[in-house]
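Examination of the molecular architecture
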Amino acid sequence: MCIRDRYQRRVHGEEINPGSKDVIQHYSSVANAEVNTEFSKKIASSFGYSEEELAQIPPEANMGLGCGNSVSYARPYLKKGSKLLDLGCGAGMDLYLASPLVGDEGKACGVDLSKDMIEKGKKICEKYGYKNVEFHYSSIEKMPFDDGTFDVVISNCVLNLVPDKIAAFEEIYRILKPGGNFIVSDILLKKDLPNDLSQNVTSVVSCIGKAIREDLYREGLEIAGFSQIEIVDEKRDLMTYFQGSDCNDGGFCGVKNLETAGNCNFKEELKVIQKYNVNDYGMACMIKATK
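Every chain begins its residue count from 1, and numbering advances along the sequence as written. Where totals are concerned, whole chains, interfaces and linings use all residues; where local detail is concerned, this predicted model gives features only for residues with pLDDT of at least 70, and gives and counts side-chain atom pairs only at 80 or more. Values reported for side chains reflect all heavy atoms of the structure, with hydrogen atoms and water molecules removed beforehand.

Take the overall build of the protein next. Every helix listed is a DSSP run of H or I at least four residues long, and every strand listed is a run of E at least two residues long, numbered separately from the N terminus. When you go through the protein residue by residue, the secondary structure sums to twelve helices and nine strands. The buried label applies to any residue whose accessible area, calculated with a 1.4 Å probe on protein chains only, is under 20% of its type's maximum; exposed applies above 50%, and partly exposed to all values in between. For the protein, the proportion of its 291 residues judged to be buried stands at 58%. Contacts are residue-level and defined by heavy atoms, with any inter-residue pair within 4.5 Å sufficient. In the protein, the proportion of contacts linking residues at least 24 apart, taken out of those at least 6 apart, comes to 79%. Put simply, the protein shows about 12,200 Å² of open surface, and 47% of that area lies on carbon and sulfur atoms. The method behind every accessible area is Shrake-Rupley, applied with a 1.4 Å probe, and residues are considered shielded solely by the protein chains displayed.

Take a look at the structure:
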């Protein structure tokens with residue numbers, strides 16, 4: 001068995017595609033749900049966004065879904081003319097922050113597997129006049145870009161959701177320019193999860209259920225070819241996601257009445273998560289690596 005196959009077994013066991021359809025359906029529901037603006041701001045502030053940055057973001061793009069501020073980490077590596085890619089961009093929250101940094105000569109591109117998120121992002125672009133922002137419907141494991149296209153790849157609390165993480169890391173490596181930077185916010189595990197958390201769809205879409213340990217994350221990046229890998233626990237409170245006034249009434253992160261948008265098991269599964277302090281199991285990290 002090759003190194004890649006051994007890694008897959010260690011991460012996923014026998015199943016390499018856990019819950020992908022559930023994840024896509026869930027985030028499509030989020031895209032169509034009502035935004036809880038104040039709680040979305042609270043979440044974003046808790047995970048590193050400044051008041052000034054939040055004021056730059058169209059309010060409908062902030063759904064309280066991130067676990068860090070990957071644009072702030074990427075800022076030193078961006079200049080006018082840079083090409084940036086956001087993995088799992090949603091409706092484009094981080095793309096709108098990156099847009100003025102790369103300028104008219106550059107591009108802020110995003111990929112997402114939810115067509116509803118892509119459509120929402122395109123409408124926001126048109127409404128607010130963003131000319132250098134692009135959305136692409138694509139998986140992260142196989143993207144529609146040439147080798148060496150991007151200077152910087154960012155992501156905000158998405159790679160934990162990807163079923164085939166090593167394929168994702170290899171694809172990110174492929175589309176980065178030599179010397180390009182991978183700079184993301186993501187959830188990593190401190191220890192293995194109890195079964196009722198790891199098998200809970202709401203736990204998965206809350207970015208804890210399919211997260212992996214730091215050593216496995218680092219090993220995956222090394223297998224893909226990355227170097228200069230840094231992983232920093234930012235000491236954020238992951239329970240922030242579950243403390244909104246709407247959490248027990250169909251709310252999720254920064255949206256309201258999610259159950260009416262099609263996620264029928266949400267409230268019951270949320271009760272399972274709320275039995276635990278997820279900070280005991282997971283941590284919000286900044287991860288940086290270089291091609």
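On we go from here.
Another aspect to go through is the pattern of salt bridges. One side-chain nitrogen of Lys or Arg within 4 Å of one carboxyl oxygen of Asp or Glu is enough to make a salt bridge. Evaluated as defined, the whole model comprises twelve salt bridges. Note that arginine 75 is salt-bridged to glutamate 53, the shortest N-O span being 3.5 Å. Remark: glutamate 53 occurs in helix 4 (residues 51–56) and arginine 75 occurs in the loop between helix 5 (70–74) and strand 2 (83–87); sequence separation between them is 22 residues. With a relative accessible area of 37%, arginine 75 lands in the partly exposed category. In this structure, the salt-bridge partner of lysine 177 is aspartate 151, at a minimum N-O distance of 3.2 Å. Of this pair, lysine 177 sits in strand 6 (residues 176–189) while aspartate 151 sits in strand 5 (residues 150–156), and the two are 26 residues apart along the sequence. Here the residues in one salt-bridge network are Asp147, Glu171 and Arg174, joined through shared partners.

How sure the predictor is of each residue is captured by pLDDT, a score from 0 to 100. Chain-level pLDDT for the protein is 85 on average; 82% of the residues reach the 70-or-more range. Long-range and interchain partners of residues 14–19, a stretch whose pLDDT sits below 50, account for eight contacts in this model, where long-range means more than four residues apart. Segment residues 247–251 is flagged for pLDDT under 50; beyond a separation of four residues in sequence, or across chains, it makes 19 contacts in the model.

Right, let's talk about the packing of helix 8 (residues 165–175) against helix 11 (residues 214–224) for a bit. With axes taken as lines fitted to C-alpha atoms, and helix axes fitted only over the stretch in contact, angles between N-to-C directions fall between 0 and 180 degrees. The geometry of helix 8 relative to helix 11 is characterised by a closest axis approach of 8 Å and an angle of 45° between their N-to-C directions. Taken together, the axes of helix 8 and helix 11 lie oblique to each other. When the axes of helix 8 and helix 11 are compared, the crossing they make is right-handed. Contact residues: helix 8 offers Ile166, Phe169, Glu170 and Tyr173, while helix 11 offers Tyr217, Gly220, Leu221, Ile223 and Ala224. Its residues assigned to classes, the contact of helix 8 with helix 11 comprises seven nonpolar, one polar and one charged. Orientation is classified from the angle alone, with under 35 degrees giving roughly parallel, over 145 giving roughly antiparallel, 65 to 115 giving roughly perpendicular, and any other angle giving oblique. Should the near helix be turned anticlockwise from the far one by less than a right angle, the crossing is termed left-handed; should it be turned clockwise, right-handed. Three classes are used, and their members are as follows: Ala, Val, Leu, Ile, Met, Phe, Trp, Tyr, Cys and Pro are nonpolar, Asp, Glu, Lys and Arg are charged, and the others, Gly among them, are polar.

Here the phi dihedral of cysteine 157 falls at roughly 65°; this positive angle occurs in a residue that is not glycine. Turning to its location among the elements, cysteine 157 is positioned in the loop between strand 5 and helix 8. At glutamine 228, a position not held by glycine, the phi torsion is positive, near 50°. Along the polypeptide, glutamine 228 turns up in strand 7 (residues 227–233).

Okay, helix 6 (residues 93–102) next. Most of helix 6 is tucked away: nine of the ten residues are buried. Where helix 6 is concerned, the buried positions are Met93, Asp94, Leu95, Tyr96, Leu97, Ala98, Ser99, Leu101 and Val102. Of the residues one or two after helix 6, glycine 103 is the one with positive phi, at around 70°.

So, about empty space enclosed by the protein. Using only the protein atoms, space was sampled on a 1 Å grid; points where a 1.4 Å probe fits but cannot get out form cavities, open sets with protein on both sides within 12 Å along at least five of seven lines form pockets, and lining residues are those with an atom within 4 Å of a point. Grid points are joined across faces, edges and corners, and a volume is the space filled by probe spheres set on the points. This model, assessed by the stated rule, comprises three cavities of 30 Å³ or more. Taken as a whole, the largest cavity spans an internal volume of roughly 60 Å³. Taken together, Ile43, Ala44, Phe47, Tyr49, Asn62, Gly64, Leu65, Gly66, Cys67, Gly68, Met93 and Asn156 make up the lining of the largest cavity. Looking at the lining of the largest cavity residue by residue, the classes come out as seven nonpolar, five polar and no charged.

Bringing helix 7 (residues 115–128) into the picture now. The end-to-end C-alpha separation of helix 7 is 20 Å, in line with the 20 Å expected for 14 residues at 1.5 Å each. Residues of helix 7 that are buried include every one of Met117, Ile118, Lys120, Gly121, Ile124 and Cys125, and no others. Mapping the buried residues of helix 7 onto a view down its axis gives an arc of 165°, with all of them on the same face. In helix 7, those exposed residues whose orientation departs by more than 90 degrees from the buried face are Lys115, Lys123, Glu126 and Lys127. Positive backbone phi, approximately 75°, marks glycine 129, located one or two places after helix 7. To estimate how far a helix should extend, the number of its residues minus one is multiplied by 1.5 Å. Note that the arc is computed from the directions linking the helix axis to the C-beta atoms.

Right, let's talk about the sheet that holds strand 6 for a bit. Any two strands are treated as partners once DSSP identifies two or more bridges connecting them. Pairing within the open sheet is mixed, and its seven strands lie in the order 4-3-2-5-6-9-7. Of all strands in the sheet, those bounded by a partner on one side alone are strand 4 (133–137) and strand 7. Along the sheet, successive strands turn relative to each other by an average axial angle of 15°, direction set aside. Here strand 2 runs beside strand 3 (residues 107–112); their pairing, made up of five bridges, is parallel. Residue pairing for strand 3: aspartate 86 is matched across the bridge by glycine 110. Contacts between helix 6 and the sheet are confined to strand 2, strand 3, strand 4 and strand 5, with strand 3 contributing the most and set at about 160° to the helix.

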